[in-house]
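Report on the structure
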Amino acid sequence: MINTSAFVEQLSEQGWYYQQNVIPGEWVTALADLCHKRTFLQAGVGQGLKNIINEAIRSDSISWIDPRETDPAVVYYLSRVDEIQQLLNREFYLGLNGFEGHFSRYPQGAFYKPHYDCFAQDKRRAVTLIFYINQNWLPENGGQLCLHLPEGKTVIEPVAGSMVCFLSEQILHEVLPTHTERMALTGWFVRHHGQDYFYS
Ligand code: OGA
Ligand code: MN
């Protein structure tokens, strides 16, 4: 369960929120199993025609989620996303009306250098939401999410069942090199206008 009062308070005061035990163990297992079965493509940097593979910036692979997927684990994931979208719209009047999300896999040695999730040309991405599905994760595995905050850096362990949510335009962040395969479900709530399209 999400601690809604802490979520609202911390997101509005500091622009980010982290909580453990958001996803029950059996769903973490189902999502991790599914992650191992999916097809992944090496992730690029930049948007549209400017999307290029740059292994000096990021070295993860991604598998986009289609909202029409019927696997129970995906349906479960999208229901949790929906719950958070409703909470965000109710509390922050963000007018979020879309979501784009993917599984990500960081093989041993992979990382993602400091970046913002919002594209310079396209500010549709408003809120980033990440769920971690790494069972038996240990701090010595590396692979922490590092937030570059005004008061300094904060590291977040990508432990199974935990969630991090932040304002996409505000929070500079990176994934530190991982020493073990690292998996996550990463997505963005967007304000999407009539002429835009997703998942096509
Ligand atoms: C991203 C990202 C962070 C993480 O995919 O844009 O920053 O902890 N992911 O996986
Ligand atoms: Mn990011």
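Residues numbered from 1 in each chain as written. Chains lettered and ligands numbered in written order. Predicted model: local features only at pLDDT ≥ 70, side-chain atom pairs only at ≥ 80, totals over all residues. Heavy atoms only, no water.

**Looking at the overall build of the protein**
A count of helical and extended segments in the protein gives 3 helices and 11 strands. Reading the helices (α) and strands (β) of the protein from amino to carboxyl end gives α-β-α-β-β-α-β-β-β-β-β-β-β-β. Taken along its principal axes, the extent of the C-alpha atoms in the protein is 40 × 40 × 40 Å. Taking as baseline every contact in the protein between residues at least 6 positions apart, the subset at least 24 positions apart corresponds to 80%. Accessible area for the protein stands at about 10,000 Å²; split by element, carbon and sulfur atoms hold 53% of it. (Helix = DSSP H or I, 4+ residues; strand = E, 2+ residues; numbered from the N terminus. Contact = heavy atoms within 4.5 Å. Areas by Shrake-Rupley, 256 points an atom, 1.4 Å probe, with all protein chains shown as cover.)

**A few points about the coordination of the manganese ion (ligand 2)**
Bound to the manganese ion (ligand 2) on the protein side are His-115 (NE2), Asp-117 (OD) and His-173 (NE2), at distances that span 2.1 Å. For the manganese ion (ligand 2), the donor residues sit on a single chain with the sequence spacing H-x1-D-x55-H. On the basis of relative accessibility, which here comes to 6%, the residue Asp-117 falls in the buried class. (Donors = N, O, S within 2.8 Å, 3.2 Å for Na, K, Ca; no water. Buried < 20%, exposed > 50% of the residue type's maximum accessible area, 1.4 Å probe, protein only.)

**A closer look at the pairing of strand β3 (residues 61-64)**
Pairing of strand β2 (residues 41-42) with β3 involves 2 bridges; the strand directions are antiparallel. When the sheet's bridge partners are listed, Leu-41 is paired in β3 with Ile-62. The sheet contact formed by β3 and strand β4 (residues 98-106) spans 4 bridges and is antiparallel. Along β4, the bridge assignment pairs Ser-61 with Arg-105. (Pairing = 2+ DSSP bridges.)

**Some remarks on the packing of helix α1 (residues 4-14) against helix α3 (residues 72-92)**
Across the interface, α1 lies against α3 with an axial gap of 11 Å and an inter-helix angle of 60°. Put simply, α1 runs oblique to α3. Both α1 and α3 take part in a crossing whose hand is right-handed. Across the interface between the two elements, Thr-4, Phe-7, Val-8, Leu-11 and Ser-12 from α1 touch Ile-84, Leu-87, Leu-88, Glu-91 and Phe-92 from α3. Partitioned by chemical class, the residues of the contact of α1 with α3 number 7 nonpolar, 2 polar and 1 charged. (Axes fitted to C-alpha atoms, helices over the stretch in contact; angles between N-to-C directions. Parallel < 35°, antiparallel > 145°, perpendicular 65-115°, else oblique. Left-handed = near helix turned anticlockwise from the far one by under 90°. Nonpolar A, V, L, I, M, F, W, Y, C, P; charged D, E, K, R; others polar.)

**Focus: the packing of aromatic side chains**
Tallying each qualifying case throughout the model produces 6 aromatic pairs. When the centroid spacing of 6.5 Å and the interplanar angle of 50° are considered together, the rings of Trp-64 and Trp-188 count as tilted. Highlighted residues: Trp-64 in strand β3 and Trp-188 in strand β11 (residues 182-190), separated in sequence by 124 residues. Since its relative accessible area comes to 42%, Trp-64 is described here as partly exposed. You can call Trp-188 buried: its relative accessible area is 6%. Among the aromatic side chains, those forming a connected cluster through ring pairs are Tyr-77, Phe-99, Phe-131 and Phe-189. Seen from the ring of Phe-40, Arg-105 lies directly overhead, with NZ or CZ sitting 5.4 Å from the centre. (Phe/Tyr/Trp six-rings, centres within 6.5 Å; stacked < 30°, edge-to-face > 60°. Lys NZ or Arg CZ within 6 Å of the ring centre and 35° of its normal.)

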